[in-house]
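Spelled out from the first residue to the last, the chains are:
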Amino acid sequence: MTYDQNNIFAKILREEIPCNKVYEDMYALAFHDISPQAKLHVLVIPKGEYIDFADFIGKADAETVQGFFGAVAHVADELGASSDGYRILSNKGHNGGQEVPHFHIHLFAGEKLGRMIG
Ligand code: AMP
């Protein structure tokens, strides 16, 4: 499977469509999910072209992986989610229910979250 340069998150990275940005650095862009599934629902995406978690871990170098996941933790801290807790999740492929083929982490917080799989 090749990376689809026209997926919606690639367009957001190229600033062809807007997003509700909460954080950006050289490794990651974080923005509010357009259809939030919790009081706080933010997506964190890497800047490079990675289809899913496996693609990211398989292709990205150690600095990029550390920088990306460091950004995820930073966003959780900055949004005040760390003290009461949060959930991070990444869907991969058909069974995982992945809709957008650009690797992303969902960050859920702001309320007591339900069961892990509803
Ligand atoms: P997934 O099913 O893991 O691929 O998640 C894709 C997520 O992207 C869903 O939670 C969507 O609500 C979200 N989404 C789709 N388009 C946009 C957009 N333009 N801006 C923000 N979030 C989006």
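One can find the structure itself at the top, above this paragraph.
Just so you know, these numbers come straight off a predicted model, no measurement behind them.

Rules used in this analysis
- Residues numbered from 1 in each chain as written.
- Predicted model: local features only at pLDDT ≥ 70, side-chain atom pairs only at ≥ 80, totals over all residues.
- Heavy atoms only, no water.
- Near = heavy atom within 4 Å.
- Polar contact = N/O pair within 3.5 Å; in protein donor to acceptor, adjacent residues only side chain to side chain.
- Areas by Shrake-Rupley, 256 points an atom, 1.4 Å probe, with all protein chains shown as cover.
- Helix = DSSP H or I, 4+ residues; strand = E, 2+ residues; numbered from the N terminus.
- Nonpolar A, V, L, I, M, F, W, Y, C, P; charged D, E, K, R; others polar.

**A short note on the site of the ligand**
For step 1, the next point in the chain: The environment of the ligand is formed by 15 residues, the closest being Asp33, Asn91, Glu99, His104 and His106.
For step 2, the next point in the chain: Taking Gly97, its main chain carries an N or O atom lying 3.1 Å from an oxygen atom of the ligand.
For step 3, the next point in the chain: Take Val100: an N or O atom from its main chain is 2.9 Å from an oxygen atom of the ligand.
For step 4, the next point in the chain: Taking 500 Å² as the accessible area of the ligand by itself, protein coverage stands at 86%.
For step 5, the next point in the chain: Of all the elements in the fold, those that place two or more residues in the shell around the ligand are α1 (8-13) and β2 (28-32).
For step 6, the next point in the chain: In the shell around the ligand, the residues fall into six nonpolar, seven polar and two charged.

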